[in-house]
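These are the residues of each chain, in order.
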Amino acid sequence: MAAQESNPNIIDSCKSSEEENDGLINELPNAIFWDVMPIKKWQGFWFEPGLIKCAMKFNSTLEAKHNDVLLASAPKTGTTWLKALCLCILHQNHNIPENEDLLTKDNPQFHVQTIESSIYSTKPTPDLYGTSSPRLFHTHLPFSFLPDSIKNTNCKIVCVARNSKDTLVSLWHFFNSIFRENQEPYPLEKAVEEFCTGVHQYGPYFENVLGYWLESRKRPEKILFLKYEEMIKDPKGEVKKLALFLGKPFENEEDLENVVWRCSLERLRNLEVNKNGSVIYGVPNGSYFRKGMVGDWKNYLNPEMEDRINQTTLIKFQGSGLEFDN
């Protein structure tokens, strides 16, 4: 009976906390992303309000384990590729039959879920502590938003980042496919301006990337910072570095080459599972794979747009030592 009598107090406490968070969110500055999505500014970043609630829950409740691995990325910077690679390195043998390959069964976004938009958005929240070890999660949230249990344990973080112009063009295509299907694309000039001012979903991009970069310079044993362009240029070298960081070095060249091939964007894009269906919020699996090339921005940005992003990038990253190939 005692246990039953305590339940109302627990429920009341949870309700009270949620009500406080709702009140806080209601008071935050507002904007409209792409004339469609309401977003609010919280601790310097812009989010759809539901994501803020999930981020608050994530920050206050997650108890990290020492062997957890958290993948981090700003949207459209190589997330799906990184998820596939880490899934193979940590949770599958390198040489397996095609019919046992997890990547042929579901999109990488399903196997390694984004914690604030997939896991903590469900009701009730799934039991994360029953997940096979090492637990592998992903987030688009900035480093400053992560729970102390992640920052203060041996939990490892892998961040992937991409040059700002290709990131913007990839975002533009992705959100057009979601918000403006069978419509004219959102004006690219407006998308560039919103990207540079940071008023977009998960924005600003620059501060998000910079937070992980600076922390990786302080604690390279905890945070591995990968650049998308270097992964494209030298996939074997970067994947080898990734596996070593995760404590799962390859035993031979054949295993390395097998993982690089299995997780290649070309293979993932052409898998049947990624041509059909959707993972979350009705986003088609195919939307996670487009060209994946470096320098595609040159096909879309005029000189004025290019200069606007270049100048913003220069100002934001000045003195940090962070540079990207274009």
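Residues numbered from 1 in each chain as written. Predicted model: local features only at pLDDT ≥ 70, side-chain atom pairs only at ≥ 80, totals over all residues. Heavy atoms only, no water.

Per an unreviewed UniProt entry, the protein chain carries the name Sulfotransferase and comes from Anisodus acutangulus. Per UniProt, the comment on the protein chain under Sequence similarities (unreviewed entry) is "Belongs to the sulfotransferase 1 family." (UniProt positions renumbered as here; feature names shortened; annotations may be inferred.)

On a plain count of helices and strands, the protein chain comes out with 14 helices and 7 strands. Scored against the burial criterion, the 326 residues of the protein chain give a buried share of 51%. On the protein chain, roughly 15,700 Å² of surface is accessible, and the fraction owed to carbon and sulfur atoms is 51%. (Helix = DSSP H or I, 4+ residues; strand = E, 2+ residues; numbered from the N terminus. Buried < 20%, exposed > 50% of the residue type's maximum accessible area, 1.4 Å probe, protein only. Areas by Shrake-Rupley, 256 points an atom, 1.4 Å probe, with all protein chains shown as cover.)

Mapped onto the elements, Trp46 comes out in strand β3 (residues 45-47). The exposure class assigned to Trp46 is buried, which follows from its relative accessible area of 9%. Taking the C-alpha atoms as reference, Trp46 lies 9.2 Å from Pro29; in sequence the two are 17 residues apart. Look past the residues within four positions of Trp46 in its chain and what remains in contact with it is Pro29, Asn30, Ala31, Ile39, Lys40, Lys41, Gly198, Val199, His200, Gln201, Tyr202 and Gly203. (Contact = heavy atoms within 4.5 Å.)

Here we take up the nonpolar core. A general trend in soluble globular proteins is that nonpolar side chains are found buried together. In this structure, Phe47, Ile150, Ile157, Leu168, Val209, Phe225 and Leu301 are the most contacted members of the largest nonpolar core, which totals 61 residues. Discounting residues that sit within four places of it in the chain, Ile150 has contacts with Phe58, Leu62, Ala64, Leu70, Cys155, Ile157 and Lys222. Membership of the second largest hydrophobic core comes to 34 residues, among which are Cys86, Val158, Leu226 and Leu246. (Core = buried A, V, L, I, M, F, W, Y, C linked by side-chain atoms within 4.5 Å.)

The subject of this paragraph is the packing of aromatic side chains. Scanning all chains against the criterion turns up 22 aromatic pairs. Here the aromatic rings of Trp81 and Tyr228 are separated by 5.7 Å at their centres, their planes lie at 80°, and the arrangement is edge-to-face. Linking Trp81 in helix α3 (residues 79-91) with Tyr228 in helix α10 (residues 228-233), this pair joins segments that are 147 residues apart in sequence. Feature note: the residues Phe33, Trp34, Phe174, Phe175, Phe179 and Tyr186 constitute an aromatic cluster, connected by ring pairs. Over the aromatic face of Phe143 sits the side chain of Lys151, whose NZ or CZ is 5.1 Å from the ring centroid. Here the guanidinium or amino end of Lys156 rests over the ring plane of Phe245, the centre of that ring lying 4.7 Å away. (Phe/Tyr/Trp six-rings, centres within 6.5 Å; stacked < 30°, edge-to-face > 60°. Lys NZ or Arg CZ within 6 Å of the ring centre and 35° of its normal.)

Let's shift gears to empty space enclosed by the protein. For the coordinates displayed, the defined rule picks out 1 cavity of 30 Å³ or more. Estimates place the volume of the largest cavity at around 80 Å³. As for the largest cavity, its lining consists of Phe33, Trp34, Leu168, Leu171, Trp172, Phe175, Ala191, Glu194, Phe195, His200 and Gln201. Elements represented by at least two residues in the lining of the largest cavity include exactly α7 (164-179) and α8 (188-197). Sorting elements by how many residues they give to the lining of the largest cavity places α7 first, with 4 residues. Per-class residue counts for the lining of the largest cavity are 8 nonpolar, 2 polar and 1 charged. (1 Å grid on protein atoms, 1.4 Å probe; cavity = no way out; pocket = protein on both sides within 12 Å on 5 of 7 lines; lining within 4 Å. Points joined across faces, edges and corners; volume = space filled by probe spheres on them. Nonpolar A, V, L, I, M, F, W, Y, C, P; charged D, E, K, R; others polar.)

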